[in-house]
Amino acid sequence: MKTSLFLKLMMNRQFFSFLLMLFAIGFNAQVSTFPWTETFEDSSPTRASWTQIYETNNVSWTFTSAATTGSIGVTAFAGTKFANFPANTASADKTKLVSPPLNSAGLTSPKISFYLINPQQNGNANWVRIYYRMSATDPWSTLMGFQPPFASWYLFANIGMPPNIYQVAIECENAQGYSTLIDNVTISNDVLSSKEISKLSNTQIKYFPNPVKDILNFKGDERIQEISIYDELGKKIQTHNVEGNEGSINVSALSNGMYIVSGKTENGEIKTFKMIKK
């Protein structure tokens, strides 16, 4: 009798331990197949593994099909849902949206790409910062920070990160702009191929050479209306009305460093490119 009871207890303990192990595996599930894209759709196998860190106050990112404020009529870049930071208070709310752990040992030159909407309200736009860390206990390192006033989906493509990253985070700080929206976050190895880029967008704009000294050439598969250049903080420093499928712009007046080049096509799509000025 005592032996039978002991066996039952042991079996229950083993079963409980097994459940704990399964829970731990699910909770710490790693992304190990790349390129990996988070769509934020209900069907996404990894959306539930994103977590949040409340840096100032406790305003949460949501996964939704409509912005909390502003962006009336805007739909997801792909699918039906996107990540939405409400920015609907008068406070400087600041929250990180943290990716699942990444098993990125096989990535020799990891890159992050994502789509963003960050519309102004009364001339104000929210701050957006991208971070990474090398382990669950390491501090966060800033990859880029900017205050971009983009009212339509804007592609930040192939932003370089160091090897062996563990997680990335997208932080929004309420600066009295309308809601900030993120969609199609992609982690890839080296620069996305043309096939992978086509999954993010049907339009391509090529810029060359890079690095550039004086003249930056561009060529698109549809008519390009405008090319803008932003510094690393997201401040617009040049705008060129080009109105054509190809051409060139003079960037000789820019100081040496990294810039973000934005091309707007006639159908309203915006494509970005990281430019090195030498």
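Structure first, text after, so check above.
Residues numbered from 1 in each chain as written. Predicted model: local features only at pLDDT ≥ 70, side-chain atom pairs only at ≥ 80, totals over all residues. Heavy atoms only, no water.

Caption draft 1: Geometry of the overall build of the chain. Helix and strand counts for the chain come out as two helices and 16 strands. Residue burial in the chain is summarised as follows: out of 278 residues, 44% are buried. Counting contacts in the chain only where the partners sit at least 6 residues apart, residues at least 24 apart contribute 70% of the total. Split by element, the accessible area of the chain, about 13,900 Å² in all, is 53% carbon and sulfur. (Helix = DSSP H or I, 4+ residues; strand = E, 2+ residues; numbered from the N terminus. Buried < 20%, exposed > 50% of the residue type's maximum accessible area, 1.4 Å probe, protein only. Contact = heavy atoms within 4.5 Å. Areas by Shrake-Rupley, 256 points an atom, 1.4 Å probe, with all protein chains shown as cover.)

Caption draft 2: Structural context of the sheet that holds strand β10 (residues 167-173). With antiparallel pairing, five strands are arranged side by side in an open sheet as β2-β5-β10-β7-β8. Looking at the sheet topology across the chains shown, the edges are occupied by β2 (51-56) and β8 (141-146). Taking each pair of neighbouring strands and ignoring which way they run, the sheet shows an average axis angle of 20°. As judged from the seven bridges shared by strand β7 (residues 127-133) and β10, these two strands associate in the antiparallel manner. Each residue of the ladder has a partner; that of Tyr-132, found in β10, is Val-168. (Pairing = 2+ DSSP bridges. Axes fitted to C-alpha atoms, helices over the stretch in contact; angles between N-to-C directions.)

Caption draft 3: Examining the pairing of strand β11 (residues 180-189) more closely. Here β11 lies mainly inside the structure; nine of its 10 residues are buried. As paired elements, strand β1 (residues 36-38) and β11 share three bridges and run antiparallel to each other. Of the residues in β11, the one forming a bridge with Glu-38 is Val-185. Summarising the sheet, strand β4 (residues 82-85) and β11 pair through three bridges and their orientation is antiparallel. If you follow Phe-85 over to β11, its bridge partner there is Thr-180. Where strand β6 (residues 110-118) and β11 come together, seven bridges link them in antiparallel fashion. Each residue of the ladder has a partner; that of Pro-110, found in β11, is Asn-189.

Caption draft 4: Quick look at the environment of Gly-160. On the secondary structure map, Gly-160 appears in strand β9 (residues 150-160). What makes Gly-160 partly exposed here is its relative accessible area of 24%. It is 9.3 Å that separates the C-alpha atoms of Gly-160 and Ser-113, two residues lying 47 residues apart in sequence. Excluding its chain neighbours within four sequence positions, the residues that come into contact with Gly-160 are Pro-110, Lys-111, Leu-143 and Lys-274.

Caption draft 5: View of the environment of Ser-252. Along the chain, Ser-252 falls in the loop between β14 (236-250) and β15 (257-265). Among the residues examined, Ser-252 registers a relative accessible area of 38% and is labelled partly exposed. Ser-252 sits 37 residues away from Ile-215 along the chain, and the two C-alpha atoms are 7.0 Å apart. Excluding residues within four positions of it along the chain, Ser-252 makes contact with Lys-213, Asp-214 and Lys-277.

Caption draft 6: Seen up close, the packing of aromatic side chains. In total, this model carries 11 aromatic pairs according to the counting rule given. Measuring from centroid to centroid gives 6.0 Å for Phe-82 and Trp-153, while their planes differ by 65°, and the two rings are edge-to-face. Of this pair, Phe-82 sits in strand β4 while Trp-153 is found in strand β9, placing the two residues 71 residues apart along the sequence. Phe-82 gets classed as buried once you look at its relative accessible area, which sits at 0%. Judged by its relative accessible area of 12%, Trp-153 is buried. On the numbers, 3.5 Å between centres and 5° between planes, the contact of Phe-150 with Tyr-154 is stacked. (Phe/Tyr/Trp six-rings, centres within 6.5 Å; stacked < 30°, edge-to-face > 60°.)

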